[in-house]
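One-letter residues, chain by chain:
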Amino acid sequence: MSTDTGVDLVAFSPKDGDARTIQVKTNHRAKPGGGSGKAALDWWLREDSPAELVAFVDLSSEKVWLMTHSEVEEIAQQRSGGRFHLYMYTDPTARPRKKDRLSHQWEFQQFLLENHVHNTFKV
(Lines give C-alpha, C1' and ligand atoms only; values in the text may rest on other atoms or scores of the structure.)
Protein backbone atom coordinates (compact mmCIF):
# COMPACT_ATOMS: atom_id res chain seq x y z
CA MET A 1 0.00 0.00 0.00
CA SER A 2 1.34 3.44 -0.85
CA THR A 3 -0.32 5.37 2.00
CA ASP A 4 -0.88 4.47 5.64
CA THR A 5 -4.59 3.91 5.84
CA GLY A 6 -4.32 1.25 8.56
CA VAL A 7 -4.39 -1.57 6.01
CA ASP A 8 -1.05 -3.17 5.14
CA LEU A 9 -2.19 -6.25 3.22
CA VAL A 10 -5.21 -7.61 1.44
CA ALA A 11 -5.53 -11.40 1.39
CA PHE A 12 -7.89 -13.31 -0.85
CA SER A 13 -9.54 -16.52 0.32
CA PRO A 14 -10.07 -18.86 -2.65
CA LYS A 15 -12.44 -21.02 -0.58
CA ASP A 16 -15.12 -18.38 0.01
CA GLY A 17 -14.04 -15.78 -2.57
CA ASP A 18 -13.67 -13.00 -0.01
CA ALA A 19 -10.84 -10.53 0.41
CA ARG A 20 -9.72 -9.66 3.94
CA THR A 21 -7.83 -6.54 5.02
CA ILE A 22 -4.89 -6.98 7.40
CA GLN A 23 -2.88 -4.59 9.52
CA VAL A 24 0.61 -5.81 10.48
CA LYS A 25 2.14 -4.86 13.83
CA THR A 26 5.75 -5.88 14.48
CA ASN A 27 8.15 -6.28 17.37
CA HIS A 28 11.90 -6.81 17.01
CA ARG A 29 12.15 -8.80 20.26
CA ALA A 30 10.72 -9.04 23.76
CA LYS A 31 11.60 -6.20 26.12
CA PRO A 32 11.06 -5.53 29.83
CA GLY A 33 7.40 -4.76 30.50
CA GLY A 34 6.97 -1.19 31.71
CA GLY A 35 10.69 -0.66 31.15
CA SER A 36 11.85 -2.76 34.10
CA GLY A 37 9.45 -5.72 34.37
CA LYS A 38 9.50 -9.26 32.99
CA ALA A 39 10.20 -9.78 29.29
CA ALA A 40 7.17 -9.31 27.07
CA LEU A 41 6.12 -8.63 23.51
CA ASP A 42 3.63 -5.81 23.13
CA TRP A 43 1.75 -3.99 20.41
CA TRP A 44 -0.60 -1.02 20.19
CA LEU A 45 -3.55 -0.93 17.79
CA ARG A 46 -5.88 1.99 17.12
CA GLU A 47 -9.44 1.19 18.18
CA ASP A 48 -10.68 2.62 14.87
CA SER A 49 -8.34 0.51 12.73
CA PRO A 50 -10.19 -0.23 9.48
CA ALA A 51 -8.54 -3.65 8.99
CA GLU A 52 -10.60 -6.79 9.58
CA LEU A 53 -7.56 -8.75 10.76
CA VAL A 54 -4.41 -7.90 12.67
CA ALA A 55 -1.14 -9.83 12.33
CA PHE A 56 1.07 -9.45 15.40
CA VAL A 57 4.65 -10.34 14.48
CA ASP A 58 7.67 -11.16 16.63
CA LEU A 59 10.65 -10.83 14.31
CA SER A 60 13.09 -12.50 16.73
CA SER A 61 11.16 -15.79 16.80
CA GLU A 62 9.43 -15.36 13.41
CA LYS A 63 6.08 -16.04 15.05
CA VAL A 64 2.87 -14.48 13.81
CA TRP A 65 -0.42 -14.30 15.69
CA LEU A 66 -3.53 -13.54 13.61
CA MET A 67 -6.64 -12.06 15.20
CA THR A 68 -9.82 -10.43 14.06
CA HIS A 69 -10.30 -6.85 15.16
CA SER A 70 -13.09 -7.99 17.50
CA GLU A 71 -10.80 -10.61 19.07
CA VAL A 72 -8.22 -7.91 19.77
CA GLU A 73 -10.92 -5.75 21.32
CA GLU A 74 -12.00 -8.65 23.53
CA ILE A 75 -8.57 -9.78 24.77
CA ALA A 76 -6.48 -6.60 24.84
CA GLN A 77 -5.24 -6.08 28.36
CA GLN A 78 -5.37 -2.28 28.25
CA ARG A 79 -7.15 0.57 26.47
CA SER A 80 -5.75 4.04 26.41
CA GLY A 81 -6.17 7.10 24.20
CA GLY A 82 -8.26 5.31 21.58
CA ARG A 83 -5.83 2.41 21.33
CA PHE A 84 -5.76 -1.23 22.41
CA HIS A 85 -2.62 -2.54 24.10
CA LEU A 86 -1.93 -6.24 23.68
CA TYR A 87 1.02 -7.91 25.36
CA MET A 88 2.40 -11.41 25.89
CA TYR A 89 4.91 -12.27 28.57
CA THR A 90 7.73 -14.37 27.15
CA ASP A 91 9.20 -14.86 30.62
CA PRO A 92 7.36 -17.83 32.20
CA THR A 93 8.00 -16.49 35.72
CA ALA A 94 5.93 -13.35 35.08
CA ARG A 95 2.98 -12.97 37.41
CA PRO A 96 0.26 -10.86 35.79
CA ARG A 97 -1.91 -8.70 38.02
CA LYS A 98 -5.14 -9.70 36.31
CA LYS A 99 -5.77 -13.44 36.38
CA ASP A 100 -8.81 -13.36 34.07
CA ARG A 101 -6.90 -12.33 30.92
CA LEU A 102 -4.50 -14.06 28.58
CA SER A 103 -1.02 -12.89 29.53
CA HIS A 104 1.68 -15.43 28.66
CA GLN A 105 2.85 -16.23 25.16
CA TRP A 106 1.79 -19.89 25.43
CA GLU A 107 -1.80 -18.81 26.19
CA PHE A 108 -2.08 -17.30 22.70
CA GLN A 109 -1.41 -20.60 20.85
CA GLN A 110 -4.86 -20.62 19.23
CA PHE A 111 -4.01 -17.34 17.50
CA LEU A 112 -0.73 -18.47 15.96
CA LEU A 113 -0.98 -18.04 12.20
CA GLU A 114 -0.75 -21.77 11.52
CA ASN A 115 -3.58 -22.45 14.00
CA HIS A 116 -5.89 -19.55 13.17
CA VAL A 117 -5.61 -19.17 9.40
CA HIS A 118 -7.84 -22.18 8.79
CA ASN A 119 -10.77 -20.60 10.64
CA THR A 120 -10.19 -17.16 9.21
CA PHE A 121 -9.87 -18.15 5.57
CA LYS A 122 -11.94 -21.36 5.65
CA VAL A 123 -9.11 -23.44 4.16
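Analysis parameters
- Residues numbered from 1 in each chain as written.
- Predicted model: local features only at pLDDT ≥ 70, side-chain atom pairs only at ≥ 80, totals over all residues.
- Heavy atoms only, no water.
- Core = buried A, V, L, I, M, F, W, Y, C linked by side-chain atoms within 4.5 Å.
- Buried < 20%, exposed > 50% of the residue type's maximum accessible area, 1.4 Å probe, protein only.
- Helix = DSSP H or I, 4+ residues; strand = E, 2+ residues; numbered from the N terminus.
- Pairing = 2+ DSSP bridges.
- Axes fitted to C-alpha atoms, helices over the stretch in contact; angles between N-to-C directions.
- Phe/Tyr/Trp six-rings, centres within 6.5 Å; stacked < 30°, edge-to-face > 60°.
- Lys NZ or Arg CZ within 6 Å of the ring centre and 35° of its normal.
- Contact = heavy atoms within 4.5 Å.

Engineer: Which residues make up the nonpolar core, and what are the values?
Structural biologist: By size, the foremost hydrophobic cluster in this structure holds 16 residues, and its most contacted members are Trp-43, Phe-56, Trp-65, Met-67, Val-72, Leu-86 and Phe-108. When residues of this core are traced back to their parent elements, those giving at least two are strand S4 (39-46), strand S5 (53-58), strand S6 (63-68), helix H1 (69-75) and strand S8 (83-89). Counting six residues, the second largest nonpolar core, distinct from the first, contains Ile-22, Leu-53, Ala-55 and Phe-121.

Engineer: Tell me about the sheet that holds strand S2 (residues 19-27), residues and numbers included.
Structural biologist: Across the sheet, which stays open at both edges, the four strands sit in the order S1-S2-S5-S6 with mixed pairing between neighbours. This sheet does not close on itself; its edge strands, each paired only once, are strand S1 (9-12) and S6. Between one strand and the next, the sheet's axes are offset by a mean angle of 30°, whatever the strand orientation.

Engineer: Quick one: what's the story with the packing of aromatic side chains, residue by residue and with numbers?
Structural biologist: Evaluated as defined, the whole model comprises three aromatic pairs. With centroids separated by 5.2 Å and ring planes inclined at 55°, the aromatic side chains of Trp-43 and Phe-56 adopt a geometry described as tilted. In this pair, Trp-43 is assigned in strand S4 and Phe-56 in strand S5, connecting sequence segments 13 residues apart. Neither residue differs from the other here; Trp-43 and Phe-56 are each classed as buried. Among the aromatic residues, those joined into a ring-pair cluster are Trp-43, Phe-56 and Trp-65. Against the face of Trp-44 rests Arg-83, its NZ or CZ located 4.2 Å from the ring centre.

Engineer: Report on the environment of Arg-83, specifying residues and quantitative values.
Structural biologist: Examined against the element boundaries, Arg-83 turns out to sit in strand S8. Judged by its relative accessible area of 36%, Arg-83 falls in the partly exposed class. Distance from Arg-83 to Val-24, taken between C-alpha atoms, is 15 Å for residues 59 residues apart in sequence. Contacts of Arg-83, omitting those with residues within four sequence positions, involve Trp-44, Leu-45, Arg-46, Glu-47 and Gln-78.

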